[in-house]
Amino acid sequence: MTVLDLADKRSTKIKQPLLEVDSLKTYYPIRSGLFSKSKSYIKAVDDVSLSLYEGETIGLVGESGCGKSTIGRSIIRLEDSFSGRILFQNEDITHYSQRQLKPVRTRMQMIFQDPYASLNPKMRIYDALAEPLIIHKLVNPSEVEREVDHLLHLVGLSRTARDRYPHEFSGGQRQRIGIARAISFKPKLIVCDEPVSALDVSIQAQILNLLQDLQDELKLTYLFIAHGIGAVKQISTKVAVMYVGKIVEIAPTDQLFRKPKHPYTQLLLNAYPQPDPTLRSKKKLLIQGDVPSPANPPQGCRFHTRCPYVQERCRREEPDISKDQHAVACHFPLA
Ligand code: SF4
């Protein structure tokens, strides 16, 4: 163990995670008929644990339907979990009622892929930003107007935006408004659910830069959900890779991109466009086949039906995730 590892361990021991998710399961029952008492489930999130420290960004990646958005929604308690625990600022919020959640929700916010859906089309931007400030008494009534201007300034919009309606803005500008509304609550944690997936590449970069600037300025912590691995690489301090409801690898961003240990991560990275032209021509393995259904995941390792390194043991035995800093759930991790 190096001196750095020791220092890292010590600081982790001292610091309490802002968010701790422990063995979280979010299942949806499947009913096969009107009178059926069937107990089968879609296991959208299946035994997921992670810790998020203040100021960190964990990027959550995986193909569509892997459960990454469900984790975000479960953490923010927009979905009820089947079992497990969610500790936020050392408070167990897993089974909080709506009333108990009210004060917690100002401290944890969500940014959505489609901000238009979360904005009232009939509400001027001033009212959309002033509403949470007034309802939650986040500032004195006399300071609301100044605070709205400050929020617009923070997200790079001019004061003239106040009197316009959501449909008058571009997708990137609307995402800035969505971010302004989220930070108006002065949250500690923001779950960013694919916030740049629907935007053009140049606009994506602007929004990612904005999120990073706000993180520094407002001491924010992010859970950043995306299927585009490029965005996750830019913004995350750690990356967690999900496959059919489970985290299969989690590591500091540099380590994961430099030396992925899980075959699924390797194939995801291979599919990512390579900026270095000398590396582009190298023939790489690409991911084949479809994602299995979370209602009926494969026995043993869930990735065995698509893994180029599959062995007999993989079909029988489900691998546990290791406990080290670069954690992986694979019987034969890549060297
Ligand atoms: Fe592939 Fe086996 Fe590792 Fe699963 S456990 S990822 S099938 S090598």
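Visitor: Before we go on, may I ask you to explain the environment of L286 in this structure?
Guide: Secondary-structure assignment places L286 in the loop between α12 (277-280) and α13 (312-316). Sequence separation between L286 and L267 is 19 residues, and the spatial gap between their C-alpha atoms is 5.5 Å. Those residues in contact with L286 that lie beyond four places of it in its chain are L267, N270 and A271.

Visitor: Got a minute to help me understand the sheet that holds strand β4 (residues 83-88) in this structure?
Guide: Picture the strands of a sheet paired through backbone hydrogen bonds; they go either parallel or antiparallel. One open sheet holds the four strands; their spatial order is β2-β1-β4-β5, and the pairing between them is antiparallel. One side of each edge strand has no neighbouring strand; the edge strands of this open sheet are β2 (41-52) and β5 (91-92). Inspection of the sheet shows β4 paired to β5 by two bridges, in the antiparallel sense. For L87, the partnering residue across the bridge sits in β5 and is D92. Packed on one face of the sheet, helix α2 (residues 68-75) meets β1 (19-29), β2 and β4 and runs near 115 degrees to β1.

Visitor: I tried to follow the sheet that holds strand β6 (residues 108-111) on my own but got confused; where do I start?
Guide: Here we have seven strands laid out as an open sheet, ordered β6-β7-β8-β3-β9-β10-β11, and mixed in their pairing. Where the open sheet ends on each side, the last strands, each with one partner, are β6 and β11 (327-328). Here strand β3 (residues 57-61) runs beside strand β9 (residues 238-243); their pairing, made up of four bridges, is parallel. What sits directly across from L60, in β9, is A240. Docked against the sheet, helix α8 (residues 201-218) engages β3, β6 and β8 (221-226), running at close to 160 degrees with respect to β8.

Visitor: Please explain the packing of aromatic side chains as it appears in this structure.
Guide: Any pair of aromatic rings gets described here by the distance separating the centres and the angle formed by the planes. Taken as a whole and assessed by the stated rule, the structure comprises six aromatic pairs. When the ring of Y27 is compared with that of Y41, the centres are 5.7 Å apart and the planes differ by 45 degrees; the resulting orientation is tilted. Residue Y27 is located in strand β1, and its partner Y41 is located in strand β2; the two are separated by 14 residues in the primary sequence. On the basis of an interplanar angle of 85 degrees and a centroid distance of 5.0 Å, the ring pair of Y243 and F303 is categorised as edge-to-face. With a gap of 60 residues between them, Y243 in strand β9 and F303 in the loop between α12 and α13 connect regions that are remote in the sequence.

Visitor: Would you take a moment to explain the state of the cysteines for this structure?
Guide: Disulfide: a covalent bond formed between the sulfur atoms of two cysteine residues. Enumeration over the complete set of coordinates arrives at zero disulfides. Between C192, a free cysteine, and C66, which holds the nearest cysteine sulfur, the sulfur-to-sulfur gap is 16 Å. When its relative accessible area of 0% is taken as the criterion, C192 is described as buried.

Visitor: Would you mind showing me how to read the side chain of E56 here?
Guide: Here E56 is to be found in the loop between β2 and β3. Among the polar contacts listed, one links the side chain of E56 to the backbone nitrogen of Y53, at a separation of 2.9 Å. Excluding residues within four positions of it along the chain, E56 makes contact with S51, Q215, T221, Y222, T237 and K238.

Visitor: Where do I start with the packing of helix α7 (residues 171-184) against α8 in this structure?
Guide: The packing of two helices is summarised by the inter-axis angle and the distance between the axes. At a minimum axis separation of 10 Å, α7 and α8 run at an interaxial angle of 20 degrees. It follows that α7 is roughly parallel to α8 by the angle criterion. Crossing hand, α7 versus α8: right-handed. The segment α7 lies against α8, with G172, Q175, R176, I179 and I183 engaging I203, Q206, I207, L210, L211, L214 and L218. Here the contact of α7 with α8 is built from residues that sort into eight nonpolar, three polar and one charged.

Quick notes on the rules
- Residues numbered from 1 in each chain as written.
- Predicted model: local features only at pLDDT ≥ 70, side-chain atom pairs only at ≥ 80, totals over all residues.
- Heavy atoms only, no water.
- Helix = DSSP H or I, 4+ residues; strand = E, 2+ residues; numbered from the N terminus.
- Contact = heavy atoms within 4.5 Å.
- Pairing = 2+ DSSP bridges.
- Axes fitted to C-alpha atoms, helices over the stretch in contact; angles between N-to-C directions.
- Phe/Tyr/Trp six-rings, centres within 6.5 Å; stacked < 30°, edge-to-face > 60°.
- Disulfide = S-S within 2.5 Å.
- Buried < 20%, exposed > 50% of the residue type's maximum accessible area, 1.4 Å probe, protein only.
- Polar contact = N/O pair within 3.5 Å; in protein donor to acceptor, adjacent residues only side chain to side chain.
- Parallel < 35°, antiparallel > 145°, perpendicular 65-115°, else oblique.
- Left-handed = near helix turned anticlockwise from the far one by under 90°.
- Nonpolar A, V, L, I, M, F, W, Y, C, P; charged D, E, K, R; others polar.

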